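# Residue-level structural notes
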Amino acid sequence: MADGGDILVARNLEKSFGSGDARVHVLRGLDLTVQRGEFLAVMGPSGCGKSTLLHVLGLVTPPDAGTIHLDGRPVPRRGGELDRMRRAHIGLVFQRFNLISVLSAADNVEISLRVRGMGHRADGRVEQLFEQMGVSHVMRRKPGAMSIGEQQRVAVVRAIAHNPDIVLADEPTGNLDSANAARLLELLTDLNRRQHQTTVMITHDAEAAGYADRIVHMKDGRLL
Amino acid sequence: MGYLPLANILHHKLRSALSALGIGIGICMLVTLSGLSRGSLSEVADRWESVDADLIVMPRGWGENASDKSGSALPDRYAAKILANHGDIVRSVVPVFTWPIKLAGQDQMAIGVDASSWGALSGGRGLAAGRLSDPDGRFAAWLTAKLLAFPADHGEILELAEADLSDPSHNGLELVIDTRLAKAGGYKLGQTVRAANHDWRIVGIVSSGVMARVFMPRRTAQFLFGNGDVTKSTLMFVKLAAGADVGPAARAIGATTGQDVVPLSRYRGMLVEKFGIMFTYVDAVNVTALIIAFLFIMVTLYTMVLQRTREIAILKSSGASDFFLLRQVLAESMLLTAAGMAVGVAMSFLAAWLIETLRPLLTVTITWYWIAVSAVVALVGAVAAALYPAWRATRVDVVEALTLE
């Protein structure tokens, strides 16, 4: 639920891949504003540029043109400040979870915190999040010993453990069965409602999008 | 807390074990071969330095080759001449005759020494068992009498039958050996052994650490190995009087005899000079082994980076800096190297024990110096081997790695 103020403002985003005749324009002057505390779903058909938009908004790859403001500050194209903003403000959830297979669930979360210079959190927040996501029983397990539903919920814990301003989720239910998908979406909704966690979810599933406060549709690199 | 480099090493157990083993073999070669080559030479030098003497008189020009020279070389009369001319600074002169003989399957530099000089030559050590060879000089006296009775102007050599040489009343074919040779050859006191075409009786055993592993009567050595000429020895050890300066004394005795006179302490350096090329060879082999070990690590780490592009991309998507990624790869390399070091040092001690058990006459001296050298080489190698894979890790394209899922 939006509670005022823009947390993310993207203007005139352009992104293309390849060169010459093979050049593909994926984002074509896209504008998007996300309000603080909002749960936004971006829907669109395959190949419309949803994932590229998420990577650009997640500061993983820079746009060819356009600007992004995060919490009122302009995002640079590259350099240490870009890394710092990504570490501080963004949490990412992927379709295929992307947990590090050699680490336990707890260690996956902890290394994510360590990358962000936060180290071990002794305040019990991580344990609380595992509890909240219903995966405290798998904290010491490696991904290979978890169900896919558990893996995705651990990935959500990892994405929010550092209190990001915005969580970007790329087809988070894409690999889950309907029961696990529903459970994950309820958890994301709960996070948004109770903790005002701003969330942008990419999906092509109308049912999943139905959990969001607002749905925007994307086609050919633009929002409709 | 799960430490990612350690977790990766533990997860890929076989690959990690092989990498550590590869490094361990390189480290083991460095430590063991250095310990073997330098240890064996050092052990010989230690033994020579145990002689209670200050100077060695040797034929002019032998230089660093003195260590493997033997046979008739210096007239025995030099001993008397040195004492006569330098009685004020010289306390004793001990002539010895050296000759290689084969015992326990290996060439041993046997030392012909008079029983009266044993105290100086052994540095005051007594025998562990038995007695000295020809302890009261009966063989020397018997042989001298024989030679005096032999007309020497025919250019012929006195021929003596084995039975004459080993006659119990004046047995000249007697040996004293050290404990290591006794162990290596399984020799016992009173046993007869065949060497240099003669049967010798072992009459004494001395603790190892004395100048040589085999001693025999000097007259025997001179007669058998010096073409019957009992007037020449190989070297002479000179003990100086208390307070005499070694340098001036060496020059004075050199001037008197016309031969090379070097401090006993110089012998170690002569050995090192003589076998310097061997160290170069051994070190070259070691360096090659280490380079192969680190190429192995580099390939391992490089493969690891290629296999884990998604893991690296996940870290980068979380905001991991290049330095963070570099540190992960370096840490993994360091951990593998540390494990390899531990394996290598353990293998070195095992190899030293095996070598000394199977070949008791060899000495492997494992020193902390060479362990430290190998540690430094290993750590530098670990960093060098990790640099390229680490750089590749920082270049992983996050979008490409994550979208190719």
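Residues numbered from 1 in each chain as written. Chains lettered and ligands numbered in written order. Predicted model: local features only at pLDDT ≥ 70, side-chain atom pairs only at ≥ 80, totals over all residues.

## What about the overall build of chain A?
- Counting secondary structure elements, chain A contains 7 helices and 10 strands.
- Over its C-alpha trace chain A gives a radius of gyration of 17 Å, about what one expects of a compact globule, namely 17 Å for 224 residues.
- Its C-alpha atoms give chain A principal-axis dimensions of roughly 50 × 40 × 40 Å.
- Looking at chain A as a whole, 48% of its 224 residues qualify as buried.
- Nonlocal contacts in chain A, meaning residues at least 24 apart in sequence, comprise 73% of its contacts between residues at least 6 apart. (Helix = DSSP H or I, 4+ residues; strand = E, 2+ residues; numbered from the N terminus. Rg over C-alpha atoms; globule rule 2.2 N^0.38 Å. Buried ≥ 20, exposed ≤ 12 C-beta atoms within 10 Å, placed from the backbone. Contact = placed C-beta atoms within 7 Å.)

## Some thoughts on the interface of chain A and chain B
- The interface of chain A with chain B comprises 22 residues on the first partner and 21 residues on the second.
- Elements with a minimum of two residues in the side of chain A that touches chain B: α1 (50-57), α2 (80-89) and α3 (105-115) of chain A.
- Ranked by residue count, the leading element in the side of chain A that touches chain B is α3 of chain A, at 5 residues.
- Among the residues making up the side of chain A that touches chain B, the classes are represented as 8 nonpolar, 7 polar and 7 charged. (Nonpolar A, V, L, I, M, F, W, Y, C, P; charged D, E, K, R; others polar.)

## Details of the sheet that holds strand β1 (residues 6-17) of chain A
All names here are of chain A.
- Read from one edge to the other, the open sheet built from 4 strands follows the order β2-β1-β4-β5, with strand pairing classed as antiparallel. The open sheet has two edge strands, β2 (24-35) and β5 (73-74), and neither has a second partner.
- The sheet contact formed by β1 and β2 spans 9 bridges and is antiparallel. Across the sheet, Leu 13 pairs through a bridge with Leu 30, a residue of β2. (Pairing = 2+ DSSP bridges.)

## Some points on the domain arrangement of chain B
- Domain annotation of chain B identifies domain 1 (4-42 + 276-403) and domain 2 (52-263).
- A separation of 51 Å is found between the C-alpha centroids of domain 1 of chain B and domain 2 of chain B. (Domains from an automatic or database assignment.)

## A look at the pairing of strand β9 (residues 214-219) of chain A
Residue and element names in this part refer to chain A.
- Sheet topology note: the strand β3 (residues 39-43)/β9 ladder contains 4 bridges and is parallel. For Ala 41, the partnering residue across the bridge sits in β9 and is Ile 215.
- Pairing of β9 with strand β10 (residues 222-223) involves 2 bridges; the strand directions are antiparallel. Among the inter-strand pairings, Lys 219 is bridged to a residue of β10, identified as Arg 222.
- Once β9 ends, the chain turns through 2 residues before running back antiparallel as β10, passing Asp 220 with a positive phi of about 50 degrees.

## Topic: the sheet that holds strand β8 (residues 198-203) of chain A
Residue and element names in this part refer to chain A.
- Strand order across the open sheet formed by 6 strands is β6-β7-β8-β3-β9-β10, with mixed pairing between neighbours. The two strands at the open ends of the sheet, each matched to only one other strand, are β6 (90-93) and β10.
- Inspection of the sheet shows β3 paired to β8 by 5 bridges, in the parallel sense. In the strand pairing of β8, Val 42 is matched with Ile 202.

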